[in-house]
Amino acid sequence: MAGVILVTAICIVGIALGIGCVPSFAQSVAFDQNYIVIGGTDDHVKKLEGGLTVQLILDQTSASGFASKNRYLFGHITMKIKLVPDDSAGTVTAFYASSESSNHDELDFEFLGNSSGQPYMLQTNVFANGIGNKEQRIYLWFDPTADFHTYAFLWNQQQVIFQVDDVPVRVFKNNEAQGLAYPSSQAMRIYSTLWNGDSWATRGGAVKLNWTHAPFIATYQDFSVDACQWSDSGSSACATSNSWWNQVNFQTLDSKSQSQLKWVQQKYMVYDYCTDTERFSAAPTECTLR
Ligand SMILES: *[C@@H]1O[C@H](CO)[C@@H](O)[C@H](O)[C@H]1NC(C)=O
Ligand SMILES: *[C@@H]1O[C@H](CO)[C@@H](O)[C@H](O)[C@H]1NC(C)=O
């Protein structure tokens, strides 16, 4: 409804400016168009406003989740999320894209909850050809429970940019030429899940989930998908398409994005596997190449 009003307003402005009316408007895409419920019983995925807003619910009976109907190879995979408010300690809200093979590729945002008033942590990770172990962790520069924010993977042949409200918080580059795995051929489904991760999520597992504060609720909007839809008949179309995310200006970070990334790394990063010498006696090869 709000989406419909917005589209109408944009059409009026568009017609006034002589650029016509393009009603391909993100807010107007409802859940059922691109997504289905996966984890949890149906009442743990609550559709509001005709599916324009959806809530994932975690309580003692069930975790919950949803997945995209289609698989995609490259694109801009986005979601607007308002995270579990107040006491979210022990909860993990994951937004990720993953392929389905035994040597799968995966791109991860994992939001680690916290006690009331304490900051969420955002963990990112990449699996390429079945191998993960590439965690980074940052704090956010805003309260992610107060409002919707957009979390996104800009994924093409050259790099994956992890974005928070268009600010790059991580870049994973294609180093296949150096013999390293990169998610370049397996189509991925898009997922979000909300579950109990209290064995590890909050202060390393020291703070447990408090069920008297259930239900824990994460809220989602904008179920559009701007990515290359995979069909089993072939992948070459996605790899060679001239979609906007494949254009030259998205193949490297421009100088503004580079300084934004540096700002995030200097001010908000709390963990980087690249500098964890206890875990990796020699820095993983991709860390020396970026
Ligand atoms: C939770 O808050 C504590 C104290 O501010 C902080 O050390 C920790 O990194 C926060 N996040 C998580 C997920 O533990
Ligand atoms: C769980 O929350 C209840 C209600 O706020 C509180 O009384 C109780 O102490 C909490 N339990 C733990 C283990 O913190």
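Residues numbered from 1 in each chain as written. Chains lettered and ligands numbered in written order. Predicted model: local features only at pLDDT ≥ 70, side-chain atom pairs only at ≥ 80, totals over all residues. Heavy atoms only, no water.

### Remarks on the overall build of the protein chain
Logical step 1: In terms of helices and strands, the protein chain carries five helices and 16 strands.
Logical step 2: For the protein chain, with 290 residues in total, the buried portion stands at 49%.
Logical step 3: Long-range pairs, those at least 24 residues apart, make up 66% of the contacts in the protein chain between residues at least 6 apart in sequence.
Logical step 4: Just so you have it, the protein chain exposes about 13,500 Å², and 52% of that area is on carbon and sulfur atoms. (Helix = DSSP H or I, 4+ residues; strand = E, 2+ residues; numbered from the N terminus. Buried < 20%, exposed > 50% of the residue type's maximum accessible area, 1.4 Å probe, protein only. Contact = heavy atoms within 4.5 Å. Areas by Shrake-Rupley, 256 points an atom, 1.4 Å probe, with all protein chains shown as cover.)

### Quick word on the site of ligand 1
Logical step 1: Near ligand 1 you find Leu-112, Gly-113, Asn-114, Gln-118, Pro-119, Met-121, Tyr-139, Ala-201, Thr-202 and Arg-203, and these make up its full shell.
Logical step 2: For ligand 1, an oxygen atom lies 2.6 Å from a polar atom in the side chain of Gln-118.
Logical step 3: Within the side chain of Tyr-139, a nitrogen or oxygen atom sits 2.6 Å from an oxygen atom of ligand 1.
Logical step 4: Alone, ligand 1 offers 360 Å² of accessible surface; in the complex the protein occludes 78% of this.
Logical step 5: For the shell around ligand 1, the class distribution of residues is five nonpolar, four polar and one charged. (Near = heavy atom within 4 Å. Polar contact = N/O pair within 3.5 Å; in protein donor to acceptor, adjacent residues only side chain to side chain. Nonpolar A, V, L, I, M, F, W, Y, C, P; charged D, E, K, R; others polar.)

### Focus on the confidence of the model for the protein chain
Logical step 1: Per-residue pLDDT for the protein chain has a mean of 90; in total, 88% of the residues score no lower than 70.
Logical step 2: Note on residues 1-26: pLDDT is under 50 here. Beyond four places in sequence and across chains, it has 17 contacts. (pLDDT = per-residue confidence, 0-100.)

### So, the sheet that holds strand 4 (residues 64-68)
Logical step 1: The strand order across the open sheet built from eight strands is 1-4-13-6-7-8-9-16, with neighbouring strands paired in antiparallel fashion. Only two strands of the sheet have a single neighbouring strand rather than two, namely strand 1 (35-37) and strand 16 (269-272). Strand-to-strand twist in this sheet, taken as the mean axis angle between neighbours without regard to direction, amounts to 15 degrees.
Logical step 2: Of the pairings in the sheet, the one linking strand 7 (residues 106-112) to strand 8 (residues 121-127) comprises seven bridges and is antiparallel in character. Bridge pairing in strand 8 links Glu-106 to Phe-127. (Pairing = 2+ DSSP bridges. Axes fitted to C-alpha atoms, helices over the stretch in contact; angles between N-to-C directions.)

### Section: the pairing of strand 10 (residues 149-155)
Logical step 1: Most of strand 10 sits out of view: six of its seven residues are buried.
Logical step 2: Where strand 5 (residues 72-82) lies against strand 10, seven bridges are found, and the strand directions are antiparallel. Looking at strand 10, one finds that Ile-81 is bridged to His-149.
Logical step 3: Relative to strand 11 (residues 159-164), strand 10 runs antiparallel, the two sharing five bridges. Across the sheet, Trp-155 pairs through a bridge with Val-160, a residue of strand 11.
Logical step 4: In this structure, the hairpin formed by strand 10 and strand 11 is closed by a connection of three residues.

### With respect to the pairing of strand 12 (residues 167-173)
Logical step 1: Within strand 12, six of the seven residues are buried, which leaves it mostly tucked inside the rest of the structure.
Logical step 2: Bridge count between strand 11 and strand 12: six bridges; the pairing is antiparallel. The residue bridging Ile-161 from the neighbouring strand is Val-171, located in strand 12.
Logical step 3: Between strand 11 and strand 12, which pair antiparallel one after the other, the connecting turn spans two residues, and Asp-165 there sits at a positive phi close to 50 degrees.

### A look at the packing of aromatic side chains
To describe a pair of aromatic rings, one takes the distance between the centres and the angle between the planes.
Logical step 1: This model, assessed by the stated rule, comprises 27 aromatic pairs.
Logical step 2: Considering the side-chain rings of Phe-109 and Phe-162, the 5.6 Å spacing of their centres and the 80 degrees angle between planes classify their relative orientation as edge-to-face. Remark: Phe-162 occurs in strand 11 and Phe-109 occurs in strand 7; sequence separation between them is 53 residues.
Logical step 3: Considering the side-chain rings of Phe-153 and Phe-162, the 5.3 Å spacing of their centres and the 80 degrees angle between planes classify their relative orientation as edge-to-face.
Logical step 4: Using a relative accessible area of 0% as the deciding quantity, one classes Phe-153 as buried.
Logical step 5: Note on Phe-162: relative accessible area 0%, which makes it buried.
Logical step 6: Three or more aromatic residues joined by ring pairs form one cluster here, namely Phe-95, Phe-109, Phe-111, Tyr-151, Phe-153 and Phe-162.
Logical step 7: The ring of Phe-162 carries the charged tip of Arg-170 above its face, separated from the ring centre by 5.6 Å. (Phe/Tyr/Trp six-rings, centres within 6.5 Å; stacked < 30°, edge-to-face > 60°. Lys NZ or Arg CZ within 6 Å of the ring centre and 35° of its normal.)

### Things to note about the site of ligand 2
Logical step 1: Around ligand 2, the structure places Asn-210, Thr-212 and His-213.
Logical step 2: At 2.4 Å from an oxygen atom of ligand 2 is found a side-chain nitrogen or oxygen belonging to Asn-210.
Logical step 3: In the complex, the protein chains occlude 26% of the 360 Å² of accessible area that ligand 2 would expose alone.

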